[in-house]
Amino acid sequence: MKKLTINIDNAINFLKETPFGLEKLISDKHYMIHNKTGQGNDFLGWLELPLKYDLGEFNRIIDCAKKIKNDSDVLVVIGIGGSYLGTKAGLEFLKKPFNNTNLEIVFAGHQMSGDYLNELLEYLKDKDYSLNIISKSGTTTEPAIAFRILKKALEEKYGKETAKNRIYATTDQKRGALHTMAKKEGYEMFVIPDDVGGRFSVLTAVGLLPLACANIDIKKMMNGAIDAYHDFNNPDLKNNAAYLYAATRYLLYKEGKNIEILASYEPNLIYIAEWWKQLFGESEGKDHKGLFVASANFSTDLHSMGQYIQDGSRIIFETIIKLEEQEKDIVIPFDNDDLDDLNYIALKKLSYVNEKALEGTVMAHVDGGVPNIIINLPKKDEYNLGYLFYFFEKACAMSAYLLDVNPFNQPGVEAYKKNMFALLGKKGYKI
(Lines give C-alpha, C1' and ligand atoms only; values in the text may rest on other atoms or scores of the structure.)
Protein backbone atom coordinates (compact mmCIF):
# COMPACT_ATOMS: atom_id res chain seq x y z
CA MET A 1 0.00 0.00 0.00
CA LYS A 2 1.32 3.45 -0.92
CA LYS A 3 1.67 5.85 1.97
CA LEU A 4 2.27 9.55 2.48
CA THR A 5 5.77 10.72 1.53
CA ILE A 6 7.58 14.06 1.68
CA ASN A 7 9.89 15.72 -0.85
CA ILE A 8 12.18 18.54 0.35
CA ASP A 9 14.30 18.84 -2.85
CA ASN A 10 12.94 22.33 -3.55
CA ALA A 11 13.61 23.53 0.00
CA ILE A 12 17.03 22.17 0.86
CA ASN A 13 18.97 24.57 -1.42
CA PHE A 14 17.67 27.47 0.67
CA LEU A 15 19.25 26.09 3.85
CA LYS A 16 22.73 26.53 5.27
CA GLU A 17 22.45 23.13 6.95
CA THR A 18 20.46 20.06 6.07
CA PRO A 19 17.71 18.63 8.26
CA PHE A 20 19.86 15.52 8.68
CA GLY A 21 22.33 17.62 10.64
CA LEU A 22 19.68 17.88 13.35
CA GLU A 23 19.56 14.16 14.04
CA LYS A 24 20.84 14.44 17.63
CA LEU A 25 18.39 17.26 18.44
CA ILE A 26 15.50 15.41 16.77
CA SER A 27 16.36 12.24 18.69
CA ASP A 28 16.40 14.13 22.00
CA LYS A 29 13.02 15.73 21.28
CA HIS A 30 11.59 12.40 20.11
CA TYR A 31 12.41 10.73 23.41
CA MET A 32 11.14 13.80 25.25
CA ILE A 33 7.78 13.29 23.50
CA HIS A 34 7.61 9.52 24.06
CA ASN A 35 8.94 9.59 27.61
CA LYS A 36 6.60 12.50 28.35
CA THR A 37 9.24 14.71 29.94
CA GLY A 38 8.70 17.93 27.97
CA GLN A 39 6.50 20.96 28.59
CA GLY A 40 2.80 20.15 28.52
CA ASN A 41 3.47 16.42 28.87
CA ASP A 42 0.10 15.91 30.57
CA PHE A 43 -1.55 16.58 27.17
CA LEU A 44 0.13 13.81 25.21
CA GLY A 45 -2.88 11.48 25.26
CA TRP A 46 -3.25 11.83 21.48
CA LEU A 47 0.17 10.20 21.00
CA GLU A 48 -0.93 6.59 21.57
CA LEU A 49 -4.65 7.22 21.13
CA PRO A 50 -4.94 5.15 17.91
CA LEU A 51 -3.59 2.13 19.79
CA LYS A 52 -5.43 2.61 23.07
CA TYR A 53 -8.82 3.94 22.03
CA ASP A 54 -11.72 2.76 24.21
CA LEU A 55 -13.31 0.11 21.98
CA GLY A 56 -16.53 0.19 24.00
CA GLU A 57 -16.97 3.88 23.27
CA PHE A 58 -15.87 3.37 19.67
CA ASN A 59 -18.63 0.82 19.09
CA ARG A 60 -21.12 3.04 20.91
CA ILE A 61 -20.22 5.85 18.49
CA ILE A 62 -21.03 3.57 15.56
CA ASP A 63 -24.37 2.56 17.13
CA CYS A 64 -25.32 6.18 17.90
CA ALA A 65 -24.42 7.21 14.37
CA LYS A 66 -26.88 4.62 13.05
CA LYS A 67 -29.61 5.98 15.34
CA ILE A 68 -28.95 9.59 14.30
CA LYS A 69 -29.03 8.66 10.61
CA ASN A 70 -32.28 6.77 11.15
CA ASP A 71 -34.20 9.51 12.95
CA SER A 72 -32.68 12.74 11.61
CA ASP A 73 -32.32 14.63 8.35
CA VAL A 74 -29.71 16.95 9.87
CA LEU A 75 -27.10 16.72 12.61
CA VAL A 76 -26.07 20.08 14.06
CA VAL A 77 -22.51 19.90 15.40
CA ILE A 78 -21.95 22.65 17.97
CA GLY A 79 -18.33 23.51 18.73
CA ILE A 80 -15.45 25.84 17.98
CA GLY A 81 -11.74 25.45 17.27
CA GLY A 82 -10.67 21.85 17.67
CA SER A 83 -14.28 20.88 18.39
CA TYR A 84 -15.22 21.98 14.88
CA LEU A 85 -12.31 22.18 12.44
CA GLY A 86 -11.22 18.53 12.42
CA THR A 87 -14.73 17.31 11.67
CA LYS A 88 -15.23 19.94 8.98
CA ALA A 89 -11.85 19.01 7.45
CA GLY A 90 -12.75 15.33 7.35
CA LEU A 91 -16.17 15.95 5.84
CA GLU A 92 -14.85 18.26 3.14
CA PHE A 93 -11.97 15.90 2.34
CA LEU A 94 -14.19 12.88 1.75
CA LYS A 95 -17.59 14.16 0.67
CA LYS A 96 -18.89 14.29 -2.88
CA PRO A 97 -19.47 17.99 -3.66
CA PHE A 98 -22.97 17.61 -5.11
CA ASN A 99 -24.23 14.52 -3.27
CA ASN A 100 -26.91 15.36 -0.70
CA THR A 101 -28.22 11.83 -0.13
CA ASN A 102 -26.51 11.35 3.24
CA LEU A 103 -27.48 12.80 6.57
CA GLU A 104 -26.64 16.49 6.37
CA ILE A 105 -24.03 17.79 8.83
CA VAL A 106 -24.19 21.50 9.65
CA PHE A 107 -22.29 23.55 12.22
CA ALA A 108 -23.10 26.08 14.91
CA GLY A 109 -21.23 27.67 17.78
CA HIS A 110 -18.12 28.37 15.68
CA GLN A 111 -18.95 32.10 15.53
CA MET A 112 -21.50 34.52 16.99
CA SER A 113 -23.47 35.72 13.99
CA GLY A 114 -27.13 36.33 14.77
CA ASP A 115 -27.97 36.15 11.06
CA TYR A 116 -26.39 32.70 10.74
CA LEU A 117 -28.13 31.26 13.78
CA ASN A 118 -31.52 32.68 12.79
CA GLU A 119 -31.19 31.24 9.29
CA LEU A 120 -30.16 27.87 10.75
CA LEU A 121 -33.23 27.81 13.03
CA GLU A 122 -35.46 28.66 10.08
CA TYR A 123 -33.82 25.91 7.99
CA LEU A 124 -34.39 23.32 10.72
CA LYS A 125 -38.10 24.08 11.24
CA ASP A 126 -39.40 21.48 8.80
CA LYS A 127 -36.60 18.93 9.33
CA ASP A 128 -35.93 16.24 11.89
CA TYR A 129 -32.61 17.00 13.54
CA SER A 130 -30.28 16.12 16.39
CA LEU A 131 -27.62 18.08 18.24
CA ASN A 132 -24.03 17.12 19.04
CA ILE A 133 -22.67 19.63 21.54
CA ILE A 134 -18.87 19.43 21.90
CA SER A 135 -17.16 21.24 24.75
CA LYS A 136 -14.82 20.08 27.49
CA SER A 137 -16.04 22.72 29.92
CA GLY A 138 -19.48 23.57 28.58
CA THR A 139 -18.81 27.26 29.22
CA THR A 140 -16.93 28.28 26.05
CA THR A 141 -18.92 31.31 24.96
CA GLU A 142 -19.68 30.62 21.30
CA PRO A 143 -20.87 26.99 21.54
CA ALA A 144 -22.57 27.58 24.91
CA ILE A 145 -24.73 30.35 23.41
CA ALA A 146 -25.56 28.29 20.32
CA PHE A 147 -26.44 25.23 22.40
CA ARG A 148 -28.71 27.19 24.73
CA ILE A 149 -30.65 28.58 21.74
CA LEU A 150 -30.77 25.34 19.72
CA LYS A 151 -31.68 23.21 22.75
CA LYS A 152 -34.61 25.51 23.47
CA ALA A 153 -35.81 25.19 19.85
CA LEU A 154 -35.37 21.39 19.92
CA GLU A 155 -37.37 21.06 23.16
CA GLU A 156 -40.12 23.29 21.79
CA LYS A 157 -40.34 21.12 18.68
CA TYR A 158 -40.24 17.65 20.25
CA GLY A 159 -40.94 18.19 23.94
CA LYS A 160 -38.23 17.93 26.58
CA GLU A 161 -38.45 14.17 27.06
CA THR A 162 -38.06 13.33 23.36
CA ALA A 163 -35.56 16.11 22.74
CA LYS A 164 -33.09 14.70 25.25
CA ASN A 165 -32.78 11.56 23.07
CA ARG A 166 -31.69 13.79 20.19
CA ILE A 167 -28.88 15.49 22.13
CA TYR A 168 -25.38 14.00 22.23
CA ALA A 169 -22.80 15.58 24.52
CA THR A 170 -19.07 15.16 23.88
CA THR A 171 -17.37 16.51 26.97
CA ASP A 172 -15.15 15.90 29.99
CA GLN A 173 -15.43 12.48 31.61
CA LYS A 174 -15.95 13.69 35.18
CA ARG A 175 -16.45 17.43 35.50
CA GLY A 176 -17.60 20.68 33.92
CA ALA A 177 -20.89 22.42 33.22
CA LEU A 178 -21.75 20.32 30.17
CA HIS A 179 -20.92 17.08 31.97
CA THR A 180 -23.20 18.12 34.84
CA MET A 181 -26.03 19.09 32.47
CA ALA A 182 -25.72 15.91 30.41
CA LYS A 183 -25.87 13.73 33.54
CA LYS A 184 -28.84 15.65 34.89
CA GLU A 185 -30.81 15.61 31.63
CA GLY A 186 -29.85 12.10 30.53
CA TYR A 187 -28.06 12.93 27.29
CA GLU A 188 -25.95 10.30 25.55
CA MET A 189 -22.36 11.20 26.49
CA PHE A 190 -18.96 10.74 24.89
CA VAL A 191 -15.57 11.58 26.33
CA ILE A 192 -12.92 14.14 25.47
CA PRO A 193 -9.95 12.61 27.32
CA ASP A 194 -8.34 14.77 29.97
CA ASP A 195 -4.94 14.41 28.32
CA VAL A 196 -6.05 15.38 24.79
CA GLY A 197 -6.34 19.08 23.95
CA GLY A 198 -8.97 20.35 21.54
CA ARG A 199 -6.78 20.81 18.48
CA PHE A 200 -5.46 17.25 18.86
CA SER A 201 -8.91 15.71 19.44
CA VAL A 202 -10.14 14.85 15.94
CA LEU A 203 -9.44 11.13 16.46
CA THR A 204 -11.63 11.07 19.60
CA ALA A 205 -15.43 11.19 19.73
CA VAL A 206 -15.08 14.90 18.91
CA GLY A 207 -14.47 14.00 15.27
CA LEU A 208 -15.45 10.35 15.09
CA LEU A 209 -19.16 10.69 15.98
CA PRO A 210 -20.12 13.29 13.36
CA LEU A 211 -17.86 11.68 10.75
CA ALA A 212 -19.51 8.30 11.37
CA CYS A 213 -22.89 10.00 10.93
CA ALA A 214 -21.71 11.10 7.47
CA ASN A 215 -21.14 7.44 6.45
CA ILE A 216 -17.38 7.80 6.82
CA ASP A 217 -15.69 4.54 7.82
CA ILE A 218 -14.03 5.55 11.10
CA LYS A 219 -12.44 2.12 11.49
CA LYS A 220 -10.41 2.73 8.33
CA MET A 221 -9.55 6.21 9.62
CA MET A 222 -8.18 4.76 12.82
CA ASN A 223 -6.25 2.12 10.88
CA GLY A 224 -4.54 4.94 8.99
CA ALA A 225 -3.68 6.66 12.27
CA ILE A 226 -2.36 3.39 13.75
CA ASP A 227 -0.02 2.89 10.79
CA ALA A 228 1.10 6.51 11.06
CA TYR A 229 1.88 5.97 14.75
CA HIS A 230 4.17 3.06 13.90
CA ASP A 231 5.74 4.79 10.89
CA PHE A 232 6.63 7.90 12.93
CA ASN A 233 7.66 6.08 16.09
CA ASN A 234 11.41 6.52 15.54
CA PRO A 235 13.75 9.52 15.37
CA ASP A 236 15.40 8.52 12.07
CA LEU A 237 14.76 11.37 9.61
CA LYS A 238 15.32 9.06 6.65
CA ASN A 239 12.30 7.02 7.71
CA ASN A 240 10.11 9.55 9.53
CA ALA A 241 8.29 11.92 7.19
CA ALA A 242 6.65 13.82 10.06
CA TYR A 243 9.98 14.68 11.66
CA LEU A 244 11.59 15.50 8.31
CA TYR A 245 8.79 17.98 7.67
CA ALA A 246 9.19 19.48 11.16
CA ALA A 247 12.97 19.76 10.83
CA THR A 248 12.82 21.35 7.36
CA ARG A 249 10.26 23.99 8.32
CA TYR A 250 12.26 24.73 11.50
CA LEU A 251 15.43 25.37 9.47
CA LEU A 252 13.53 27.53 6.99
CA TYR A 253 12.22 29.55 9.93
CA LYS A 254 15.79 30.04 11.14
CA GLU A 255 16.66 31.34 7.65
CA GLY A 256 14.05 34.11 7.99
CA LYS A 257 11.18 32.36 6.21
CA ASN A 258 8.58 33.41 8.75
CA ILE A 259 5.39 32.49 6.89
CA GLU A 260 4.35 29.00 5.80
CA ILE A 261 1.59 28.69 3.20
CA LEU A 262 -0.11 25.30 3.05
CA ALA A 263 -1.42 24.94 -0.49
CA SER A 264 -3.20 22.29 -2.50
CA TYR A 265 -4.69 21.91 -5.94
CA GLU A 266 -7.88 20.16 -4.79
CA PRO A 267 -10.84 21.97 -3.18
CA ASN A 268 -11.44 18.96 -0.90
CA LEU A 269 -8.27 19.96 0.99
CA ILE A 270 -9.30 23.52 1.86
CA TYR A 271 -10.53 22.64 5.35
CA ILE A 272 -7.60 20.33 6.01
CA ALA A 273 -5.60 23.57 5.74
CA GLU A 274 -7.99 25.35 8.11
CA TRP A 275 -7.56 22.59 10.71
CA TRP A 276 -3.76 22.66 10.14
CA LYS A 277 -3.69 26.42 10.75
CA GLN A 278 -5.18 26.02 14.21
CA LEU A 279 -3.00 23.01 15.00
CA PHE A 280 0.27 24.75 14.21
CA GLY A 281 -0.66 28.36 14.93
CA GLU A 282 -2.00 27.66 18.41
CA SER A 283 0.77 25.19 19.23
CA GLU A 284 3.81 27.19 18.07
CA GLY A 285 2.87 30.84 18.38
CA LYS A 286 4.27 31.61 21.84
CA ASP A 287 7.07 33.61 23.45
CA HIS A 288 7.27 35.75 20.28
CA LYS A 289 8.28 32.64 18.30
CA GLY A 290 6.77 30.50 15.59
CA LEU A 291 5.84 30.54 11.94
CA PHE A 292 2.78 32.46 10.82
CA VAL A 293 0.69 29.81 9.07
CA ALA A 294 -1.54 30.64 6.12
CA SER A 295 -3.21 28.67 3.36
CA ALA A 296 -4.03 28.88 -0.32
CA ASN A 297 -6.08 26.86 -2.78
CA PHE A 298 -4.46 26.62 -6.19
CA SER A 299 -4.94 27.21 -9.01
CA THR A 300 -7.74 29.52 -7.75
CA ASP A 301 -5.50 31.63 -5.53
CA LEU A 302 -2.80 31.94 -8.19
CA HIS A 303 -5.19 34.50 -9.67
CA SER A 304 -5.26 36.46 -6.41
CA MET A 305 -2.28 35.80 -4.13
CA GLY A 306 -0.06 34.44 -6.88
CA GLN A 307 1.55 37.81 -7.60
CA TYR A 308 2.58 38.33 -3.97
CA ILE A 309 3.89 34.79 -3.60
CA GLN A 310 5.96 35.18 -6.77
CA ASP A 311 7.32 38.71 -6.29
CA GLY A 312 6.50 39.92 -2.78
CA SER A 313 8.56 39.93 0.40
CA ARG A 314 10.79 36.84 0.54
CA ILE A 315 9.71 35.71 3.99
CA ILE A 316 7.51 32.82 2.89
CA PHE A 317 7.76 29.18 1.94
CA GLU A 318 5.11 26.79 0.66
CA THR A 319 4.10 23.30 1.68
CA ILE A 320 2.05 21.60 -1.01
CA ILE A 321 -0.27 18.67 -0.36
CA LYS A 322 -0.21 16.82 -3.66
CA LEU A 323 -3.01 14.33 -4.19
CA GLU A 324 -1.55 11.57 -6.33
CA GLU A 325 -4.70 9.77 -7.42
CA GLN A 326 -8.10 11.06 -8.57
CA GLU A 327 -11.27 9.08 -7.94
CA LYS A 328 -12.74 10.25 -11.22
CA ASP A 329 -11.30 12.26 -14.06
CA ILE A 330 -12.58 14.01 -17.15
CA VAL A 331 -11.17 14.35 -20.66
CA ILE A 332 -11.01 17.75 -22.37
CA PRO A 333 -12.91 17.45 -25.67
CA PHE A 334 -11.63 18.44 -29.10
CA ASP A 335 -13.43 21.38 -30.75
CA ASN A 336 -13.23 21.97 -34.50
CA ASP A 337 -13.38 25.77 -34.21
CA ASP A 338 -10.89 25.98 -31.33
CA LEU A 339 -11.90 29.58 -30.60
CA ASP A 340 -10.72 29.17 -26.99
CA ASP A 341 -7.32 27.91 -28.22
CA LEU A 342 -7.51 24.75 -26.12
CA ASN A 343 -7.03 22.08 -28.76
CA TYR A 344 -3.35 21.79 -27.78
CA ILE A 345 -4.56 20.00 -24.64
CA ALA A 346 -7.62 18.36 -26.18
CA LEU A 347 -8.13 14.69 -25.30
CA LYS A 348 -5.94 15.07 -22.21
CA LYS A 349 -7.29 14.48 -18.72
CA LEU A 350 -8.01 17.46 -16.50
CA SER A 351 -5.82 15.92 -13.78
CA TYR A 352 -2.88 16.08 -16.21
CA VAL A 353 -3.40 19.80 -16.71
CA ASN A 354 -3.76 20.34 -12.95
CA GLU A 355 -0.49 18.45 -12.33
CA LYS A 356 1.36 20.57 -14.89
CA ALA A 357 -0.04 23.67 -13.19
CA LEU A 358 1.42 22.37 -9.92
CA GLU A 359 4.80 21.58 -11.47
CA GLY A 360 5.00 24.89 -13.31
CA THR A 361 4.02 26.86 -10.21
CA VAL A 362 6.60 25.11 -8.02
CA MET A 363 9.30 25.86 -10.62
CA ALA A 364 8.28 29.53 -10.83
CA HIS A 365 8.02 30.04 -7.07
CA VAL A 366 11.33 28.31 -6.35
CA ASP A 367 13.00 30.44 -9.04
CA GLY A 368 11.40 33.45 -7.35
CA GLY A 369 12.94 32.60 -3.98
CA VAL A 370 10.10 30.62 -2.38
CA PRO A 371 11.18 27.21 -1.00
CA ASN A 372 8.70 24.38 -1.51
CA ILE A 373 8.02 21.23 0.48
CA ILE A 374 5.76 18.65 -1.17
CA ILE A 375 3.65 16.19 0.82
CA ASN A 376 2.51 13.38 -1.48
CA LEU A 377 -0.85 11.97 -0.38
CA PRO A 378 -1.81 8.78 -2.25
CA LYS A 379 -5.59 9.26 -2.46
CA LYS A 380 -8.75 10.64 -0.86
CA ASP A 381 -10.04 7.97 1.49
CA GLU A 382 -10.56 7.31 5.18
CA TYR A 383 -7.25 5.54 5.66
CA ASN A 384 -5.24 8.43 4.25
CA LEU A 385 -7.32 10.95 6.21
CA GLY A 386 -6.45 9.25 9.51
CA TYR A 387 -2.83 8.94 8.43
CA LEU A 388 -2.65 12.65 7.46
CA PHE A 389 -4.22 13.81 10.73
CA TYR A 390 -1.66 11.86 12.75
CA PHE A 391 1.22 12.95 10.49
CA PHE A 392 0.49 16.61 11.18
CA GLU A 393 -0.09 16.06 14.91
CA LYS A 394 3.27 14.32 15.34
CA ALA A 395 5.04 16.93 13.20
CA CYS A 396 3.42 19.72 15.20
CA ALA A 397 4.61 18.37 18.54
CA MET A 398 8.16 18.06 17.20
CA SER A 399 8.02 21.53 15.60
CA ALA A 400 6.99 23.23 18.83
CA TYR A 401 9.58 21.40 20.91
CA LEU A 402 12.27 22.44 18.41
CA LEU A 403 11.27 26.03 19.24
CA ASP A 404 11.37 25.23 22.97
CA VAL A 405 7.72 26.17 23.47
CA ASN A 406 4.89 24.19 25.05
CA PRO A 407 2.89 22.69 22.15
CA PHE A 408 -0.22 22.09 24.21
CA ASN A 409 -1.20 25.32 25.95
CA GLN A 410 -2.68 28.53 24.50
CA PRO A 411 -2.20 31.33 27.04
CA GLY A 412 -2.64 34.05 24.43
CA VAL A 413 -6.18 32.91 23.64
CA GLU A 414 -7.31 33.94 27.11
CA ALA A 415 -6.44 37.64 26.62
CA TYR A 416 -9.34 38.47 24.32
CA LYS A 417 -11.75 36.47 26.48
CA LYS A 418 -10.92 38.50 29.60
CA ASN A 419 -11.56 41.76 27.76
CA MET A 420 -14.76 40.45 26.17
CA PHE A 421 -16.11 39.22 29.52
CA ALA A 422 -15.32 42.58 31.14
CA LEU A 423 -17.04 44.50 28.34
CA LEU A 424 -20.08 42.21 28.64
CA GLY A 425 -20.22 42.82 32.39
CA LYS A 426 -19.41 39.30 33.55
CA LYS A 427 -18.81 39.19 37.30
CA GLY A 428 -15.15 39.18 38.32
CA TYR A 429 -13.74 40.67 35.09
CA LYS A 430 -12.41 44.21 34.64
CA ILE A 431 -10.57 46.01 31.84
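A short tour of the structure in this document, coming up. (Residues numbered from 1 in each chain as written. Predicted model: local features only at pLDDT ≥ 70, side-chain atom pairs only at ≥ 80, totals over all residues. Heavy atoms only, no water.)

Some details on the overall build of the chain
What counts here: Secondary structure follows DSSP: runs of H or I at least 4 residues long count as helices, runs of E at least 2 residues long count as strands, and numbering of each begins at the N terminus. When we talk radius of gyration, it's over C-alpha atoms, and the globule rule is simply 2.2 Å times the number of residues to the 0.38. The contact criterion used throughout is that any non-hydrogen atoms of two residues lie within 4.5 Å. Areas reported here follow the Shrake-Rupley algorithm with a probe of radius 1.4 Å; residue values treat only the protein chains shown as occluding.
Of the regular secondary structure elements, the chain holds 17 helices and 10 strands. The globule rule puts the C-alpha radius of gyration for 431 residues at 22 Å, and the 23 Å found for the chain is close to it. In the chain, 79% of the contacts between residues at least 6 apart in sequence involve partners at least 24 apart. Entry remark: accessible area of the chain is about 20,200 Å², with carbon and sulfur atoms responsible for 51%.

Focus on the packing of aromatic side chains
Note the cut-off: Side-chain rings of Phe, Tyr and Trp, where Trp is taken by its six-membered ring, are said to pair if the distance between their centres is within 6.5 Å; with planes under 30 degrees apart they count as stacked, over 60 as edge-to-face, and otherwise as tilted. Only protein chains enter the accessibility calculation, which uses a 1.4 Å probe. A residue is then buried if its area is under 20% of the maximum for its type, exposed if over 50%, and partly exposed in between.
Tallied over the entire structure, the rule returns 22 aromatic pairs. Taking the centre distance of 5.1 Å and the plane angle of 25° together, the rings of Trp46 and Phe200 count as stacked. Of the two residues, Trp46 is situated in the loop between α2 (23–34) and α3 (49–52) and Phe200 in the loop between β6 (188–191) and α10 (205–213); the sequence distance between them amounts to 154 residues. Phe200 shares its class with Trp46; the two are buried. For the pair Trp276 and Phe280, a centre-to-centre distance of 5.7 Å together with 45° between the ring planes defines the contact as tilted. Residue Trp276 and its partner Phe280 are both found in helix α13 (residues 270–284); the two are separated by 4 residues, about one turn of the helix. Judged by its relative accessible area of 0%, Trp276 falls in the buried class. A relative accessible area of 0% places Phe280 in the buried class.

Description of the pattern of salt bridges
Applied cut-off: Throughout this description, the term salt bridge denotes a Lys or Arg side-chain nitrogen within 4 Å of a carboxyl oxygen of Asp or Glu.
Applying the stated criterion across every chain, the model contains 29 salt bridges. The salt bridge involving Lys3 is made with Asp231; its shortest N-O contact spans 3.1 Å. Linking Lys3 in the segment before β1 (5–7) with Asp231 in helix α11 (residues 218–231), this pair joins segments that are 228 residues apart in sequence. Overall, the relative accessible area of 23% leaves Asp231 in the partly exposed class. Residue Glu156 pairs with Lys152 through a salt bridge whose shortest N-O separation is 2.8 Å. Of this pair, Glu156 and Lys152 both sit in helix α7 (residues 141–158), 4 residues apart, which is roughly one turn of the helix. Classification of Glu156 as exposed rests on a relative accessible area of 58%. One network of salt bridges, in which partners are shared, links Glu57, Arg60 and Glu188.

Some details on the sheet that holds strand β2 (residues 74–78)
What holds strands together in a sheet is hydrogen bonding between their backbones, with the strands either parallel or antiparallel. Rules: Any two strands are treated as partners once DSSP identifies two or more bridges connecting them. Comment: axis = line fitted to C-alpha atoms, over the contacting stretch for helices; angle = value between 0 and 180 degrees taken between N-to-C directions.
Read from one edge of the open sheet, 5 strands run β3-β2-β4-β5-β6, paired in parallel fashion. Edge strands, defined here as strands with exactly one partner in the open sheet, are β3 (104–108) and β6. Put simply, the sheet's adjacent strands are angled 20° from each other on average, direction ignored. Against the sheet, α7 engages β2, β3, β4 (129–134) and β5 (167–171), with an angle of about 155° to β4.

Observations regarding the pairing of strand β9 (residues 316–323)
Burial within β9 is extensive, with 8 of its 8 residues counted as buried. Here β9 shows a buried face lined by Ile316, Glu318, Ile320 and Lys322 and a second buried face lined by Phe317, Thr319, Ile321 and Leu323. Where β9 lies against strand β10 (residues 372–377), 6 bridges are found, and the strand directions are parallel. Note on β10: the bridge partner recorded for Leu323 is Leu377.

Quick look at the sheet that holds strand β7 (residues 259–264)
Strand order in the open sheet made by the 5 strands is β1-β10-β9-β7-β8, with mixed pairing throughout. The sheet terminates laterally at β1 and β8 (292–297), the two strands that pair on one side only. Within the sheet, the average angular offset between the axes of one strand and its neighbour, ignoring direction, is 20°. The pairing of β7 with β9 spans 6 bridges and is classified as parallel. Its bridge partner being in β9, Ala263 is matched across the sheet by Ile320. Relative to β10, helix α12 (residues 241–254) is tilted by about 165°, and along the sheet it contacts β1, β7, β8, β9 and β10. Set on the sheet, α13 makes contact with β7, β8 and β9; between it and β8 the angle comes to about 175°.

Looking at the side chain of Glu260
Quick note on the threshold: Polar contact is defined as a pair of N or O atoms within 3.5 Å, subject to the rule that within protein one atom must be able to donate a hydrogen and the other to accept it, and that residues adjacent in sequence are counted only when both atoms are side-chain atoms.
Relative to the assigned elements, Glu260 resides in strand β7. In this structure Glu260 comes out as buried when scored by relative accessible area, which is 0%. At a separation of 2.6 Å, a polar atom in the side chain of Glu260 contacts the side chain of Thr319. If we ignore the near neighbours within four places in the chain, the residues touching Glu260 are Tyr245, Arg249, Trp276, Leu291, Phe292, Val293, Ala294, Phe317 and Thr319.

What to know about the pairing of β3
In terms of burial, β3 is a largely internal element, 4 of the 5 residues being buried. Alignment of β2 against β3, held across 5 bridges, turns out to be parallel. Among the inter-strand pairings, Val77 is bridged to a residue of β3, identified as Phe107.

What about the nonpolar core?
What counts, and what does not: In plain words, nonpolar cores are sets of buried Ala, Val, Leu, Ile, Met, Phe, Trp, Tyr and Cys residues tied together by side-chain atoms within 4.5 Å.
Among the nonpolar cores identified, the biggest contains 98 residues, and Phe391 and Phe392 are the most heavily contacted of them. Ranked by residues supplied to this core, first place goes to helix α16 (residues 382–402) with 15 residues. Setting aside residues no more than four positions away along its own chain, Phe391 makes contact with Leu4, Phe232, Ala241, Ala242, Tyr245 and Ile375. Counting residues in hydrophobic clusters, the runner-up holds 23 residues, among them Leu120, Leu124, Ile133 and Phe147.

Quick look at the packing of α10 against α11
Using the following cut-off: Roughly parallel here means an angle under 35 degrees, roughly antiparallel means over 145, roughly perpendicular means 65 to 115, and every remaining angle is called oblique. Any residue that is not Ala, Val, Leu, Ile, Met, Phe, Trp, Tyr, Cys, Pro, Asp, Glu, Lys or Arg is counted as polar, Gly included; the first ten are nonpolar and the last four charged.
One can describe the packing of α10 onto α11 by two numbers: an axis separation of 10 Å at closest approach and a directional angle of 140°. Comparing their axes, α11 and α10 come out oblique. In this structure, α10 contributes Leu208, Leu211 and Ala212 to the contact, and α11 contributes Ile218, Met221 and Met222. Taken together, the residues of the contact of α10 with α11 break down into 6 nonpolar, no polar and no charged.

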